[in-house]
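If you want the building blocks of each chain, they are given just below.
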Amino acid sequence: LAMDAAELALVVLMIQFIALPGAIAVAWLGDHIGQKAALHLCLAVWVALLGSAFFVNTKAEFWIMSASAALVLGGTQSVSRAMMGLMTPEAHTGEFFGFFNLSGKATSMFGPVVYSTVFYTTQSAHIAIASLLVFFLIGWAIVSRVNVEAGRRQALASNSDGH
C-alpha cells in the first residue's frame, strides 16, 4: 500500500485510541451475554477481518480494517481473562494466570513465524495474512469446547473446601 512511517505511526495511534472503547464495549457485552459468547463474537470478528484482509487493496480499506481490528483487540484479551477468572479457584489465581500468561508468551511466536514464512514463500502479504486464520479457527474450536459453568462450579467448590 506504499504507506510511509508517519502514516503507519498514525495507524498505530488510531488503534490505541479505538482499542480502549472497544475493550469497554466487549466487557459490557460479556457482562450481558456472557464471557464465552462475547469471546465467540470477538473471534468471529477476527475471522471476518482476516478473511477480508485478503481483499484490502487501498489505504482507506486498510484504515477501516485497522479500526475494526482495534475494536476487538483489547476486548478479546480482556474477555478471555474474565472467562479465565470465572473458572479460577481463589487459592490458585497466581498459578492459573501464570500458566495463562506463559502459554500466551510461549505461543506468540507462531503467528509471526507463519506469516513471514508464507510471505517469503508466496511473496504475497494477502496470502500471508490469510494464513493466520488457522490460529483463530483453532482457538475458536478450543474455546467452543470450554464449559465455563462447569469450570466455575469447580472453582467455587475448590474455594469452599479450601483446596
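Residues numbered from 1 in each chain as written. Predicted model: local features only at pLDDT ≥ 70, side-chain atom pairs only at ≥ 80, totals over all residues. Heavy atoms only, no water.

*Asks:* Got a minute to help me understand the packing of helix α1 (residues 5–33) against helix α2 (residues 35–53) in this structure?
*Replies:* Two quantities define a packed helix pair, namely the angle between the axes and the distance from one axis to the other. Put simply, α1 and α2 touch, their axes get as near as 7 Å, and they point 135° apart. Overall, the two elements α1 and α2 adopt an arrangement that is oblique. Along the contact surface, α1 presents Val-26, Leu-29, Gly-30, Asp-31 and Ile-33, while α2 presents Gln-35, Ala-37, Ala-38, Leu-41 and Cys-42. For the contact of α1 with α2, the per-class residue count stands at seven nonpolar, two polar and one charged. (Axes fitted to C-alpha atoms, helices over the stretch in contact; angles between N-to-C directions. Helix = DSSP H or I, 4+ residues; strand = E, 2+ residues; numbered from the N terminus. Parallel < 35°, antiparallel > 145°, perpendicular 65-115°, else oblique. Contact = heavy atoms within 4.5 Å. Nonpolar A, V, L, I, M, F, W, Y, C, P; charged D, E, K, R; others polar.)

*Asks:* Please explain the environment of Ile-24 as it appears in this structure.
*Replies:* Mapping Ile-24 onto the fold places it in helix α1. Residue classification places Ile-24 among the exposed positions, given a relative accessible area of 53%. Distance in space between the C-alpha atoms of Ile-24 and Ala-37 is 16 Å, their sequence separation being 13 residues. (Buried < 20%, exposed > 50% of the residue type's maximum accessible area, 1.4 Å probe, protein only.)

*Asks:* Any chance you could explain the packing of aromatic side chains here in plain terms?
*Replies:* All chains considered together, the criterion is met by four aromatic pairs. Ring geometry for Phe-54 versus Phe-55: centroids 5.2 Å apart, planes at 85°, classification edge-to-face. Overall, the relative accessible area of 34% leaves Phe-54 in the partly exposed class. Here Phe-55 falls in the exposed class, since its relative accessible area comes to 57%. Between Tyr-115 and Phe-119 the ring centres are 6.3 Å apart and the planes differ by 0°, which places this aromatic pair in the stacked class. Of this pair, Tyr-115 and Phe-119 both sit in helix α5 (residues 110–122), four residues apart, which is roughly one turn of that helix. For Tyr-115, a relative accessible area of 29% translates into the label partly exposed. (Phe/Tyr/Trp six-rings, centres within 6.5 Å; stacked < 30°, edge-to-face > 60°.)

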